[in-house]
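Summary of the model geometry
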Amino acid sequence: MKILVLNAGSSSQKSCLYEIPDASLPNQALQPCWEGKVNWNQDGGVAEIEVRTATGEVLQECISGDSLQAHVVYMLNTLNSGATKVIGHLSEIDVVGHRVVHGGQSYRDSVVITEEIKKEIGRLSTLAPAHNPAALEGIEAIEQSLGNVIQIAVFDTGFHSTLPDAAAIYPGPYEWLEQGIRRYGFHGISHQYCASRAAQILGRDLTSLRLITCHLGNGCSLAAIKNGRSIDTTMGFTPLDGLMMGSRCGSIDPGILIYLLRQSDYPVEKLNYVLNKASGLRGISGVSSDLREVIAAINQGNDRAQLAYDIYVHHLRAGIGAMLASLGGLDALVFTAGVGENSSEIRQAVCDAWEFLGLKIDLEKNQQQPIDIDIATSDSTVRVLVIRTQEDWEIAQQCWQILQK
Ligand code: ADP
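Keep in mind the model is a prediction, meaning the values are calculated, not measured.

Rules used throughout
Residues numbered from 1 in each chain as written. Predicted model: local features only at pLDDT ≥ 70, side-chain atom pairs only at ≥ 80, totals over all residues. Heavy atoms only, no water. Near = heavy atom within 4 Å. Polar contact = N/O pair within 3.5 Å; in protein donor to acceptor, adjacent residues only side chain to side chain. Areas by Shrake-Rupley, 256 points an atom, 1.4 Å probe, with all protein chains shown as cover. Helix = DSSP H or I, 4+ residues; strand = E, 2+ residues; numbered from the N terminus. Pairing = 2+ DSSP bridges. Buried < 20%, exposed > 50% of the residue type's maximum accessible area, 1.4 Å probe, protein only.

Quick look at the site of the ligand
Every residue near the ligand is listed here: Gly217, Asn218, Gly219, Asp290, Leu291, Arg292, Ala337, Gly338, Val339, Asn342 and Ser343. For the ligand, an oxygen atom lies 2.9 Å from a polar atom in the backbone of Gly338. Contact with the protein chains removes 69% of the 580 Å² of surface that the ligand exposes when unbound. Every element with two or more residues in the shell around the ligand is listed here: helix 10 (291-299) and helix 12 (337-342).

And the structure:
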């Protein structure tokens, strides 16, 4: 079965093609045979297109003009033409899976996309203005290139639809709930993949495990997972809630917003910009939203970079404490995404806080490139895993399962 995955970001559209045997799903992620990415340069209206195949062919091009959709169509055409050709005809693709950030209250499980569902994804753009419209662009680009191939939406909020009310409902007025203001949680595709992979690495049944998954990329979130279901998470109504992130503030006293809005020079758009783009590691350090650059600045004696790092670790530890309380115990702590997979400093700083519970990591294993392994010592009371997140593979698996039905 040929499964194409589209993963729409606010300024990029990533895509990959998997060939999965019809008979059964492999128990580990396959390598895609083709990967494409369109990056939109916001200032110049230029699209950078990069395509790679499993056999090592690479195409890099910059194109200007045309619509975003036309750029995606251009990228998709490299599947069956030129040096990066991996299939004879686009009609060989059996199904296309899309990562859709917001599924609201209606869409919990992955669904086959219909006109009605497209409308709903569009309607939910008010809740995910940077992402849902980009997913719609991708869906329409596929309609243009592949006609009426089956398309499936996999929602980043879906995995968290099992949150108990006490974790999901904000303690504002009850009417908020009726207006759909509640904790949705995000990064669900990644948390779900990591939970299954953790069970596999530990050789345990997922339904017997209590896990905390730490997705630490540019955006950061934690999930408390019990019996394979998300029971708590740090992101909320929007992806701004929870942990300190690359350029997002995470949870802050809402009184700060009232205070700022009362200042005459603080219109809503400025508030939006400050909280999403000028806060977090970038806002405090004044250096970058990229942790690598913050750490480099610390090594050169930059005090604000050190402060940013310390706040990041403080909030991360506090968030893990909250997840721990929801779970009432812990079998494994899982690190994933850019920071979680690559930063031994952050993993160690987090784990040091839980040593009193008997959680211990092997410092040597932690220093290596520890992907998809357990870095806890043999006598640690809690396993500590580093897992490379594979959101696209998770989407492909869900498409495969829906088609089997
Ligand atoms: P996104 O959330 O956009 O998918 P990623 O999961 O790729 O992002 O994470 C990107 C972030 O990972 C970078 O901004 C950087 O802060 C961090 N990162 C990547 N490699 C390292 C590293 N070796 N050490 C520390 N941080 C890293």
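Some details on the sheet that holds strand 5 (residues 58-64)
Read across the sheet, 8 strands follow the order 5-4-3-2-1-6-8-7 without closing on themselves; strand pairing throughout is mixed. Only two strands of the sheet have a single partner each, and these edge strands are strand 5 and strand 7 (111-112). Pairing geometry for strand 7 and strand 8 (residues 150-155), over 2 bridges, is antiparallel. The partner of Val111 across the bridge, within strand 8, is Ala153.

Re the pairing of strand 10 (residues 220-226)
Of all 7 residues in strand 10, 6 are buried, a share of seventy percent or more. Note that strand 9 (residues 210-216) and strand 10 share 7 bridges and pair antiparallel. Its bridge partner lying in strand 10, His215 is registered against Ser221. Counted between consecutive antiparallel strands, the loop separating strand 9 from strand 10 contains 3 residues. Sheet analysis places strand 10 next to strand 11 (residues 229-233), joined by 4 bridges and oriented antiparallel. In the sheet register, Ala224 faces strand 11, and the bridge partner there is Asp232.

What is shown is where atoms sit, not what they do.
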